Amino acid sequence: MNTTLRLMAVLFAGLPAAAAMAADTTAVDRNVKQQERIEQGLQSGALNTREASRLEKQQSKIEQMEAHAAKDGRVSSKEAARIQQAQNAESQLIHSEKHDAQRGNPNSASSQRMQKDVARDINQQSRIRNGLADGSLTTHEAGRMERQQASGDRKLARAGSDGYVGAGEQHRVASADNRQSRHIWRQRHDAQHN
């Protein structure tokens, strides 16, 4: 009987951490989906570079909120609700931008550069989500990575704010993404686990 009670206590003690990790994974999963929608809009021409830039700027604000919420190693239900509300607003904004009269040229060099950078964001967000899901990242580590993702998204937003992403601008964004990629790898392979 004592063994059963101890086992139940251990299982119930882990539930809040599992619930927090699930909330974190859900938020990052939503980031991935929204980035995919931005990339799809660029590829189809439904979004031009300037519109995608504005969406990336909003996405960076959400990632900054996630980073701030995870700063203490856990995301409260109140913080998760605020993040979800911001993600809902971003989702509506993506829909509006994709269905307005403005069109982009998916074959232009600028759009191709933006598409490449957004695809890289999707990949890195997926790696963060997978790290949370498999326990190789703690909530605190994921929060730091979201802060870095937000910084990268701001760089991308600035690069495309004039409607054109030049080769030099893309190089600066790619350099920041490369640093972030190495950081994600190191954090997923360190000794800290959820």
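Residues numbered from 1 in each chain as written. Predicted model: local features only at pLDDT ≥ 70, side-chain atom pairs only at ≥ 80, totals over all residues. Heavy atoms only, no water.

Quick notes on the overall build of the protein chain
- In terms of helices and strands, the protein chain carries six helices and zero strands.
- Going from the N terminus to the C terminus, the protein chain shows its helices and strands as α-α-α-α-α-α.
- Taken across its 194 residues, the protein chain has 45% of its residues classed as buried.
- For the protein chain, long-range pairs separated by at least 24 residues make up 84% of all intrachain contacts whose partners lie at least 6 apart in sequence.
- Working note: accessible area of the protein chain is about 10000 Å², and carbon and sulfur atoms make up 55% of it. (Helix = DSSP H or I, 4+ residues; strand = E, 2+ residues; numbered from the N terminus. Buried < 20%, exposed > 50% of the residue type's maximum accessible area, 1.4 Å probe, protein only. Contact = heavy atoms within 4.5 Å. Areas by Shrake-Rupley, 256 points an atom, 1.4 Å probe, with all protein chains shown as cover.)

Points about the pattern of salt bridges
- For the coordinates displayed, the defined rule picks out four salt bridges.
- The salt bridge involving D29 is made with R129; its shortest N-O contact spans 2.7 Å. A residue pair is termed long-range when its members are at least 10 positions apart, and D29 in helix α1 (residues 2-44) and R129 in helix α4 (residues 109-134) qualify at 100 residues.
- A salt bridge links E97 to R54; the shortest N-O distance between them is 3.5 Å. Note that E97 is positioned in helix α3 (residues 77-98) and R54 in helix α2 (residues 49-69), a separation of 43 residues in sequence.
- Under the relative-accessibility criterion, R54 is labelled partly exposed at 37%.
- A single salt-bridge network, built from bridges that share partners, covers D29, K33 and R129. (Salt bridge = Lys/Arg side-chain N within 4 Å of Asp/Glu carboxyl O.)

Quick word on the nonpolar core
- Ranked by size, the top nonpolar core spans 14 residues in total, and within it I38, L42, A52, L55, M114, V118 and L156 carry the most contacts.
- Looking at this core, the elements that each hand over two or more residues are α1, α2, α4 and α5 (139-160).
- Those residues in contact with I38, other than ones at most four positions away along the chain, are L47, A52, L55, E56, E90, I94 and V118.
- With seven residues, the next largest nonpolar core counts V28, I128, L132 and M145 among its residues. (Core = buried A, V, L, I, M, F, W, Y, C linked by side-chain atoms within 4.5 Å.)

As for α2
- Between its first and last C-alpha atoms α2 spans 30 Å; for 21 residues at 1.5 Å apiece the expected length is 30 Å, and the two agree.
- You can read the cap of α2 off the contacts: a side-chain oxygen lies 3.1 Å from the backbone nitrogen of R50, and it is on N48. (Expected span 1.5 Å × (residues − 1). Polar contact = N/O pair within 3.5 Å; in protein donor to acceptor, adjacent residues only side chain to side chain.)

Quick notes on the confidence of the model for the protein chain
- Of the residues in the protein chain, 88% have a pLDDT of 70 or more, and the chain-wide mean is 88.
- For residues 3-21, every residue scores under 50 in pLDDT, and the model assigns this stretch three contacts once sequence neighbours within four places are set aside. (pLDDT = per-residue confidence, 0-100.)

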